Amino acid sequence: EGTWTRPTDKMAVYTEVLPNCRWGIRVTLFADTARVEAIEGPKCTWYKPPRELSIDVHPPNLWERLRGITFETKLAAAVEEKRAYARAKNEQL
């Protein structure tokens with residue numbers, strides 16, 4: 001439901017703002033990490049955002065890998081958390 005862009009060769013950005021909604025999410029994929037943000041419109045940027053707006057997702061450490069946690073599961077959990085935040089903000093409007 002969103003759009004993918006490639007600002008550089010080492011970065012991909014997924015932006016999802018649903019029609020008739022003000023808040024959405026942005027997922028920025030770097031070489032080995034990702035940043036998931038709740039954004040207010042597709043052009044929104046944050047400087048030092050609080051935890052409820054942005055989270056950095058890192059590859060799983062040894063203990064997480066032993067428990068079967070993958071980077072994809074960590075990323076999916078972060079995306080769902082920020083989608084829920086954006087959904088709550090849209091309901092407030």
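Residues numbered from 1 in each chain as written. Predicted model: local features only at pLDDT ≥ 70, side-chain atom pairs only at ≥ 80, totals over all residues. Heavy atoms only, no water.

Draft legend 1. Looking closely at a nonpolar patch on the surface. A cluster of nonpolar side chains, namely Leu62, Trp63 and Leu66, defines an oily patch on the protein surface of about 390 Å² accessible area. On the secondary structure map, leucine 66 appears in helix α1 (residues 62-66). (Patch = residues over 30% accessible without salt bridge, like charges linked within 9 Å, V, L, I, M, F, W, Y side chains within 5 Å. Areas by Shrake-Rupley, 256 points an atom, 1.4 Å probe, with all protein chains shown as cover. Salt bridge = Lys/Arg side-chain N within 4 Å of Asp/Glu carboxyl O. Helix = DSSP H or I, 4+ residues; strand = E, 2+ residues; numbered from the N terminus.)

Draft legend 2. Structural view of the side chain of asparagine 90. Along the chain, asparagine 90 turns up in helix α2 (residues 71-92). Among the polar contacts made by the side chain of asparagine 90, one reaches the main-chain amide nitrogen of tryptophan 23 at a distance of 2.8 Å. Excluding residues that lie within four positions of it along the chain, asparagine 90 makes contacts with Cys21, Arg22 and Trp23. (Polar contact = N/O pair within 3.5 Å; in protein donor to acceptor, adjacent residues only side chain to side chain. Contact = heavy atoms within 4.5 Å.)

Draft legend 3. Here's a closer look at the pattern of salt bridges. Taken as a whole and assessed by the stated rule, the structure comprises seven salt bridges. Residues lysine 82 and glutamate 81 are paired through a salt bridge, measuring 3.3 Å at the closest nitrogen-oxygen approach. Classification of lysine 82 as buried rests on a relative accessible area of 1%. The exposure class of glutamate 81 is partly exposed, given its relative accessible area of 38%. Here the salt bridges share partners, and the residues they tie into one network are Glu16, Glu80 and Arg83. (Buried < 20%, exposed > 50% of the residue type's maximum accessible area, 1.4 Å probe, protein only.)

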